[in-house]
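# Coordinates in review
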Amino acid sequence: MRNMFRTIAPRYDFITRAFSYGMDKSWKRLGVARARLPKAALVLDLASGTGDFSLLVGKQCPGARSVAVDITERMLVLAMERGVERAACGDAGALPFADGTFDGVFVGYGLRNFPDLAEAVREIERVTRPGGLLVSLDFFLPANRMLRRLYLAYLYAQGVFWGYVLHGRPRIYTYIPDSLASFISIDDFSSLLRRSGYASVDARRYLMGGIGLHWAAKA
Ligand SMILES: C[S@@+](CC[C@H](N)C(=O)[O-])C[C@H]1O[C@@H](n2cnc3c(N)ncnc32)[C@H](O)[C@@H]1O
């Protein structure tokens, strides 16, 4: 997985826009705007990739500081080239931060890639202060079975197309439907958050439940 992210890193921003029909930025902007972070908030951009959430927090929340954390060094190098000021290599399963460090944790298309979702949510909850927020944007399985099949087939075809065009490797982006096939739905993720110590959980759905944007406040 890490090798794959190292390979796709230089094309990552383009592919994110392509898979979301250019809507990714507006979803992320809304994710930050509705978080209503306090002044001088400290924010974790987990699985930051090239640092979209860090950059948006910097733009939309004057006074807030963010730390980008990713397991792939190459992504962090690109994030810093784009202007991200604080970045560190780290694993979502064992974050190098004390309990209650952050006012908010933002995760863009990250949770689906972690080997143990429940463990990652526990770890995120641990480093969040009481009342602090988790904001997650990710692919989810549509609840309708027929729609789910069509969506996975469509993502697979799109992955093969862009993998071939951009890298000459048709399977390089099929990790998206592959990781999604064993993932959960938007509602199941909301339930997992409630069971994991989050009191108010709110979600928006896009692409008929194929993309979900969650806000959850730690109890
Ligand atoms: C699909 S990219 C998301 C990038 C960015 N957050 C965004 O919204 O576009 C997923 C990122 O998760 C990182 N990642 C995968 N497993 C991880 C882990 N266990 N801990 C930290 N980062 C991880 C990858 O290196 C990759 O940069």
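Let me begin by describing the structure that accompanies this report. Just so it is clear, the model here is predicted, and its values are computed rather than measured.

The rules behind each value
Residues numbered from 1 in each chain as written. Predicted model: local features only at pLDDT ≥ 70, side-chain atom pairs only at ≥ 80, totals over all residues. Helix = DSSP H or I, 4+ residues; strand = E, 2+ residues; numbered from the N terminus. Rg over C-alpha atoms; globule rule 2.2 N^0.38 Å. Buried ≥ 20, exposed ≤ 12 C-beta atoms within 10 Å, placed from the backbone. Contact = placed C-beta atoms within 7 Å. Near = placed C-beta within 6 Å. Nonpolar A, V, L, I, M, F, W, Y, C, P; charged D, E, K, R; others polar. Pairing = 2+ DSSP bridges. Axes fitted to C-alpha atoms, helices over the stretch in contact; angles between N-to-C directions.

Moving on, we come to the overall build of the protein chain. Each helix and strand in the protein chain was counted, giving nine helices and seven strands. On C-alpha atoms alone, the protein chain measures out to a radius of gyration of 16 Å, which is about the 17 Å that the 2.2 N^0.38 rule sets for 219 residues. Burial analysis of the protein chain (219 residues in total) assigns 41% to the buried set. Contacts in the protein chain between residues at least 24 apart in sequence constitute 63% of all its contacts with a sequence separation of at least 6.

What follows is about the site of the ligand. Taken together, 18 residues are adjacent to the ligand, and Ala47, Gly49, Thr72, Ala92 and Gly108 come closest. Residues of the shell around the ligand, tallied by class, amount to seven nonpolar, eight polar and three charged.

Moving on, we get to the pairing of strand E7 (residues 211-218). Taken across its eight residues, E7 has seven buried, putting it largely inside the fold. Relative to E7, strand E5 (residues 128-139) is paired through seven bridges, and the arrangement is antiparallel. Each residue of the ladder has a partner; that of Leu133, found in E7, is Ala217. Sheet analysis places strand E6 (residues 198-206) next to E7, joined by eight bridges and oriented antiparallel. What sits directly across from Arg204, in E7, is Leu213. Between the end of E6 and the start of E7, which pair antiparallel, lie four residues, with Leu207 showing a positive phi angle near 45°.

Okay, the environment of Phe161 next. Locating Phe161 in the fold gives a position in helix H7 (residues 145-167). Considered as a pair, Phe161 and Arg171 are ten residues apart in the sequence and their alpha carbons are 9.2 Å apart.

Turning our attention to the sheet that holds strand E3 (residues 87-89). One open sheet holds the seven strands; their spatial order is E3-E2-E1-E4-E5-E7-E6, and the pairing between them is mixed. Each of the sheet's edge strands pairs with one partner strand only, and the pair in question is E3 and E6. Adjacent strand axes in the sheet meet at a mean angle of 15° when their direction is disregarded. Across six bridges, the pairing between strand E4 (residues 102-108) and E5 is parallel. Bridge pairing in E5 places Gly108 opposite Leu137. Helix H6 (residues 117-127) rests against strand E1 (42-46), E4, E5 and E7 of the sheet, and its axis sits at about 140° to E5. Sheet contacts for helix H9 (residues 186-195): E6 and E7; angle to E6, the most-contacted strand, approximately 165°.

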